[in-house]
Structure formats: C-alpha cells, structure tokens
Amino acid sequence: ELATELHDCAYNIVELEKKLKLDAQDYLFNSLLSFLLGVRTIYFHNYSWGFVQLYYSIFYCFRYKLASENIGLFRTYGNYLQLSLKSSKKLEKIDKNQRNTHEAVLFLYKKSFPTSYLLSNLINDVDVIEWYKNLRDIINYKAVRFYEPSYLSIFEKFSNFSGDFFNILCSKFFIIII
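The structure presented is a predicted model; accordingly, all values stated were derived computationally and were not measured. (Residues numbered from 1 in each chain as written. Predicted model: local features only at pLDDT ≥ 70, side-chain atom pairs only at ≥ 80, totals over all residues. Heavy atoms only, no water.)

A. Just the overall build of the chain, in detail. Secondary structure summary: the chain contains eight helices and five strands in total. Listing every helix and strand of the chain by position from the N terminus yields α-α-α-β-β-β-α-α-β-β-α-α-α. Buried positions account for 40% of the 178 residues belonging to the chain. In the chain, the share of contacts with a sequence separation of at least 24, taken over all contacts with a separation of at least 6, comes to 57%. As displayed, the chain has an accessible area near 11100 Å², and 57% of this comes from carbon and sulfur atoms. (Helix = DSSP H or I, 4+ residues; strand = E, 2+ residues; numbered from the N terminus. Buried < 20%, exposed > 50% of the residue type's maximum accessible area, 1.4 Å probe, protein only. Contact = heavy atoms within 4.5 Å. Areas by Shrake-Rupley, 256 points an atom, 1.4 Å probe, with all protein chains shown as cover.)

B. Inspection of the side chain of T41 at higher detail. The topology assignment puts T41 in helix α2 (residues 13–43). Classification of T41 as buried rests on a relative accessible area of 14%.

C. Region of interest: the pattern of salt bridges. For the coordinates displayed, the defined rule picks out five salt bridges. Here K110 makes a salt bridge to D127, at a shortest N to O gap of 3.1 Å. Taken together, the positions of K110 in helix α4 (residues 101–112) and D127 in strand β5 (residues 126–127) put the pair 17 residues apart, joining distant regions of the chain. By relative accessible area, which is 26% here, K110 ends up partly exposed. As a salt-bridge pair, K133 and D137 come within 3.4 Å of each other at their nearest N and O atoms. Here K133 and its partner D137 are both found in helix α6 (residues 128–142), four residues apart, which amounts to about one turn of the helix. With respect to class, K133 is no different from D137; both count as buried. Residues participating in the shared-partner salt-bridge network are K110, D127 and E130. (Salt bridge = Lys/Arg side-chain N within 4 Å of Asp/Glu carboxyl O.)

D. Up close: the nonpolar core. Grouped together as the largest cluster of nonpolar side chains are 27 residues, with contacts concentrated most on F51, F62, L66, I129 and Y132. At nine residues, the largest contribution of residues to this core is made by helix α3 (residues 47–68). (Core = buried A, V, L, I, M, F, W, Y, C linked by side-chain atoms within 4.5 Å.)

E. Up close: the packing of aromatic side chains. Taken as a whole and judged by the stated rule, the model has 11 aromatic pairs. Look at Y56 and F59: their rings are 6.2 Å apart centre to centre, the planes differ by 85°, and that puts the pair in the edge-to-face class. Here Y56 and its partner F59 are both found in helix α3, three residues apart, which amounts to about one turn of the helix. The class for Y56 is partly exposed, based on a relative accessible area of 22%. Between W131 and Y132 the ring centres are 5.1 Å apart and the planes differ by 85°, which places this aromatic pair in the edge-to-face class. In this pair, the class of W131 matches that of Y132, namely buried. Of the aromatic side chains, those joined through ring pairs into one cluster are Y27, Y55, Y56, F59 and Y60. (Phe/Tyr/Trp six-rings, centres within 6.5 Å; stacked < 30°, edge-to-face > 60°.)

F. Region of the structure containing the packing of α3 against α4. Contact pair α3 / α4: the axes reach a minimum separation of 10 Å and the direction vectors enclose 55°. Judged on the interaxial angle alone, α4 and α3 are oblique. Crossing handedness for the pair α3 and α4: left-handed. Contacts between α3 and α4 pair Y55, Y56, F59, F62, R63, K65 and L66 from the former with T101, H102, V105, L106, L108, Y109 and S112 from the latter. Along the lines of polarity and charge, the residues of the contact of α3 with α4 split into nine nonpolar, three polar and two charged. (Axes fitted to C-alpha atoms, helices over the stretch in contact; angles between N-to-C directions. Parallel < 35°, antiparallel > 145°, perpendicular 65-115°, else oblique. Left-handed = near helix turned anticlockwise from the far one by under 90°. Nonpolar A, V, L, I, M, F, W, Y, C, P; charged D, E, K, R; others polar.)

What follows is the structure in structure tokens.
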C-alpha cells in the first residue's frame, strides 16, 4: 500500500517540492514565534515553560532547514523515512530506530547538516539541542508540576540576569508579542 502511495506521489516531484516549501514557511514561523514567546516568558521569570518554548524554537528551526533543503520526513508503520528531493529522490529508511518524531528530526538534521552552527555549540559538553531536549524532558515528563515561582538550579543564573542583550531583546520584541 505504501509503495503504491509513494509511486503515485513520485510522478510529481515538483508538487512535493512546493509542499515542502510551504511546510518550511510554517516551520520558520513556528520557530520564530516559539523563540519570541520563550524569551518573553523567561523575561517574566517563568523559566520552565520559557525553556520548553526555546526547545521548540530549535526543533522547528531544524524542521525548517530540512524542508527548505527539500528533505522530507515521513512515518509509516512505525518507521521513519526520509525523502531527499535534492539528491537521490529516493525514499530511504532512516538508519537508526527513532522512538518519536523529535528524535527522528534531530537524527536527520545531524546527519544532513553535521557542520551546522547549531550543533557546534556545547552546553556542559552536550550539543545545544540535546541539552534543550533533556531539559524539556525533565520539565514535561519527569516533573509533576512546573517549578514556578521556584526554579531548577540550572535556571539560577538567569534569575537575576540583566545583561544588555537580554534587555534589548526583550524590549524590542515584547511589544510585538503582546
């Protein structure tokens, strides 16, 4: 059944490219909005949800980059498949078992863009996206409730943060988000 569906789609690569471009636009919007909302949320010292929003900003940024480079991600029968319209134009199973879409996107991004600036930065010797993903997992799945008005110890350095960049960023975008 999947082979028939994919054969039906394969005849129209141009249509798939158009759909990926539209998806890319939506992912970019989601990434930017999540970033701005995350910054605003942290500005008001709601660290738990703010950092989850920043994770989603990075996640959607990765989805944007994949789609804008004509790399599609599909799931069928529990397997994640990639379709690169840029190179092979063949549907290929992602060579690592992924438990969910987030893991599949992160794996595919790292495979497709190993020299990405977003992957070159480390927090505590872990790449940025893995650090944020681990933090999101703690907040969403391990904590019974958000920590506010308290916070995880890793947020302590942000609790009294008044750096120029943070203030400028918040003051410029705060009005836009409200």
